[in-house]
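# Coordinates in review
These are the residues of each chain, in order.
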Amino acid sequence: MQHYIKSVECLDCGHHAPFHHSVTSCPKCNSTWREIRYDLDALSTTWEKVIKARPFNLWRYREMLPIQNLNPDLFMGEGGTPFIRAVNLGLMLANQNIFIKDERQGPTSSFKDRQAAVSIAALKESGISELVIASTGNVALAYSAYAARAGIKLWTFLTSLVPASKMREVGLYGSQVVKVTGSYDQAKQIAAEFARQRGVHFDLGSRSIPCIESMKTIAYEIVEQLSEYQLANNENNNPNAARYPVPDWYIQSVSGGMGPLGVYKGFCELLQMGWVDRIPKLAIIQVEGCSPMVKAWKQDQEIADPVRSPKTLIHTLATGDPGRAYTLLRNKMLSGSGGAFESVTDEEAFRALHILAKMEGFSIEPAAAVAFAGLIKLVRSGVIKSHETVVVNCSGHAMPVERNILGDDWSGNLFSPSETLEESHEEGLLAALSNVAIDRFPRIAIVDDNPDVRRLIRKILESQGNYQINEATNGKEAIELIKIEKPNLVLLDLMMPEVDGFSVLDAMQADSATAEIPVIVITAKELTTDEKDHLRGRIQSLVQKGDLISDKLAEEVRGLLG
Ligand SMILES: *Cc1c(COP(=O)(O)O)cnc(C)c1O
Ligand SMILES: [Zn+2]
């Protein structure tokens, strides 16, 4: 393999040193914050052709990774994850250009697989046979799998908050699990001290060259995949543009910040090679109970105050002290590319988790849902515009689905736990069946002549809870439907040809069996004073169609039906 590595540059004193796996600090000033540099001029002309001939995984970019020789024996299908347009979420948020980088599809179901694949390959190459890491869960899983393949002994220091099932899987791979009763930052300190005493290599996370280098492959893949998407859909309509399109935003849920640091470096390299003409804005989303970066950003601080005791159920994101990573990210945002630091609550994240599952068919872990909750928040507050292209890192899979999200009674089980098979005779089963029958759920009628609006409202309702939904496509159908079904709630459009919404209301009032059914009017038009008078006292509330992207409709429905 031909080599393009030039040097390792110290981010503190600017000193350039040769690259060696075993040297982890600047020989001049001892700083551990360093970045590797490549001969981009030599690569920029030929590299594109070279990579296009290779399989779509992260080793496609091997010349730009800190590895001397590929070791295919360690490969498990890392990188090369799907790039998928979020059609229904896009409908809900009125943005047709929201894409999901589906990092759930790595070998251990999170984007930490990139980090583990490159780091373990680098360690193996340099002859290291034992390694210590600290983790909030997913790093331990990914490193365990790759360490098992590489025959490297792995010590994992996990906080006791990591779900037991994740810890068991780490143990299953043969790693040593050390459970630390304390915060993640404390686990990290103890792990570092343990490694020092034992004389074993300790993974430095954001300060480790292979880690940052692995994450940048996400940027490379995004530009290739966005370009392919646009070609396939004839959307590449700017002949003067740079070779590859760039999204306007890269959104990620953030703990220590390694992901965005690496992705940013990737885009910088693409810019230097002339592949792209700009760098996307970064949206860094943290969970409110552990959001040191967001707090520091909003108070215009250069250094983040550590959060000593994180208050969140989303333990994957519980880095209380981001240290230098925050300052580096802040400087990148201030120096031109722009972006946002935003926080979301656990509850907003859990709601986004349900939306992703029910709207897009994505089962994601709460930490990944934080990024989507951030997307929703930034769109609703107008920071992300409807014409902008957005890529969300879907960073991890919900497996096993944690109990605090779904509770115990989510599945509508037909058997009660105490029942044995012999006991459950047919009658009992049939009786149990009625518990899951659909008419147990509140019935809602959607009345609108526009199929896109009906679809959007249905999706919004489905993502909020269990409802039995009927649709009517005009006023005449609506009157019939309401008479027969007697729904618990009607969502009514006003402007429809022939029989309009006002007439539907009149018909409902005229029949004592339907007069009391609550109605929410959903309208695109500004109502006249006359029309408002006409509706007064006859409807529960009024939602503008433009407001469908907000939470308003869902809140009104929850308020009326519980
Ligand atoms: C590690 C992790 C994050 C946070 O990533 P950083 O870039 O290290 O802050 C987000 N989501 C999931 C699923 C993770 O495992
Ligand atoms: Zn230095």
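The structure contained in this document is the topic of the report that follows. (Residues numbered from 1 in each chain as written. Chains lettered and ligands numbered in written order. Predicted model: local features only at pLDDT ≥ 70, side-chain atom pairs only at ≥ 80, totals over all residues. Heavy atoms only, no water.)

### Points about the coordination of the zinc ion (ligand 2)
Protein coordination at the zinc ion (ligand 2): the donors are Cys10 (SG), Cys13 (SG), Cys26 (SG) and Cys29 (SG), at 2.3 to 2.4 Å from the metal. Along the chain, the residues donating to the zinc ion (ligand 2) fall in the pattern C-x2-C-x12-C-x2-C. In this pair, Cys10 sits in strand E1 (residues 5-10) while Cys26 sits in the loop between strand E2 (16-17) and strand E3 (34-38), placing the two residues 16 residues apart along the sequence. Under the relative-accessibility criterion, Cys10 is labelled buried at 3%. Residue classification places Cys26 among the buried positions, given a relative accessible area of 2%. (Donors = N, O, S within 2.8 Å, 3.2 Å for Na, K, Ca; no water. Helix = DSSP H or I, 4+ residues; strand = E, 2+ residues; numbered from the N terminus. Buried < 20%, exposed > 50% of the residue type's maximum accessible area, 1.4 Å probe, protein only.)

### A few points about the pattern of salt bridges
Scanning the entire structure with this criterion turns up 30 salt bridges. Its salt-bridge partner being Arg60, residue Glu224 comes within 2.7 Å of it at the nearest N-O pair. Of this pair, Glu224 sits in helix H8 (residues 209-232) while Arg60 sits in the loop between helix H2 (47-52) and strand E4 (83-85); the two residues are 164 residues apart in sequence, bridging distant segments of the chain. Arg60 matches Glu224 in its accessibility class, with the two residues each being buried. With a closest N to O distance of 3.4 Å, Arg458 and Glu462 form a salt bridge. Of this pair, Arg458 and Glu462 are both found in helix H16 (residues 451-462), 4 residues apart, which corresponds to roughly one turn of the helix. (Salt bridge = Lys/Arg side-chain N within 4 Å of Asp/Glu carboxyl O.)

### Here we look at the site of ligand 1
Among the 18 residues in the neighbourhood of ligand 1, the closest are listed as Lys112, Ser255, Gly257, Gly259 and Ser395. Contact distances for ligand 1 include 2.9 Å between an oxygen atom and a side-chain N or O atom of Gln252. Taking Gly256, its main chain carries an N or O atom lying 3.0 Å from an oxygen atom of ligand 1. In the complex, the protein chains occlude 96% of the 380 Å² of accessible area that ligand 1 would expose alone. Counting residues per element, the ones that place at least two in the shell around ligand 1 are strand E10 (249-253) and helix H9 (258-272). Tallied by class, the residues present in the shell around ligand 1 amount to 6 nonpolar, 10 polar and 2 charged. (Near = heavy atom within 4 Å. Polar contact = N/O pair within 3.5 Å; in protein donor to acceptor, adjacent residues only side chain to side chain. Areas by Shrake-Rupley, 256 points an atom, 1.4 Å probe, with all protein chains shown as cover. Nonpolar A, V, L, I, M, F, W, Y, C, P; charged D, E, K, R; others polar.)

### A word on the packing of helix H4 (residues 112-125) against H8
Close contact between H4 and H8 brings their axes to 8 Å; oriented N to C, the two are set at 135°. Viewed along their axes, H4 and H8 adopt a mutual orientation that is oblique. Where H4 crosses over H8, the handedness of that crossing is right-handed. Every residue of H8 that contacts H4 at Arg114, Gln115, Val118, Ser119 and Ala122 is listed here: Pro210, Cys211, Ser214, Met215, Thr217, Ile218 and Glu221. (Axes fitted to C-alpha atoms, helices over the stretch in contact; angles between N-to-C directions. Parallel < 35°, antiparallel > 145°, perpendicular 65-115°, else oblique. Left-handed = near helix turned anticlockwise from the far one by under 90°. Contact = heavy atoms within 4.5 Å.)

### Notes on the packing of aromatic side chains
Under the definition given, this model contains 12 aromatic pairs. Summarising the aromatic geometry, the rings of Trp47 and Trp275 are spaced 5.7 Å apart at their centres and angled 45° between planes, so their arrangement reads as tilted. With Trp47 in helix H2 and Trp275 in the loop between H9 and strand E11 (281-287), this pair connects stretches of sequence that are 228 residues apart. Residue classification places Trp47 among the buried positions, given a relative accessible area of 1%. A relative accessible area of 1% places Trp275 in the buried class. Look at Tyr61 and Tyr220: their rings are 5.0 Å apart centre to centre, the planes differ by 70°, and that puts the pair in the edge-to-face class. You can see Tyr61 sitting in the loop between H2 and E4 and its partner Tyr220 sitting in helix H8, a full 159 residues away along the chain. Chaining the aromatic ring pairs together yields one cluster made of Trp47, Tyr61, Tyr220, Tyr244 and Trp275. The positively charged end of Lys153 is found above the aromatic ring belonging to Trp155, 4.6 Å away from the centroid. (Phe/Tyr/Trp six-rings, centres within 6.5 Å; stacked < 30°, edge-to-face > 60°. Lys NZ or Arg CZ within 6 Å of the ring centre and 35° of its normal.)

### Here's the deal with the packing of helix H5 (residues 138-150) against helix H6 (residues 164-172)
Two numbers describe how H5 lies on H6: the axes approach to 9 Å, and their chain directions differ by 20°. As far as their axial angle goes, H6 and H5 are roughly parallel. Our pair here, H5 against H6, has a crossing hand that is left-handed. Residues Asn138, Ala140, Leu141 and Ser144 of H5 form the contact with H6, whose participating residues are Lys166, Glu169 and Val170. Each residue belonging to the contact of H5 with H6 can be placed in one class, and the counts come to 3 nonpolar, 2 polar and 2 charged.

In short, the description is geometric, and any link to function would need to be established separately.
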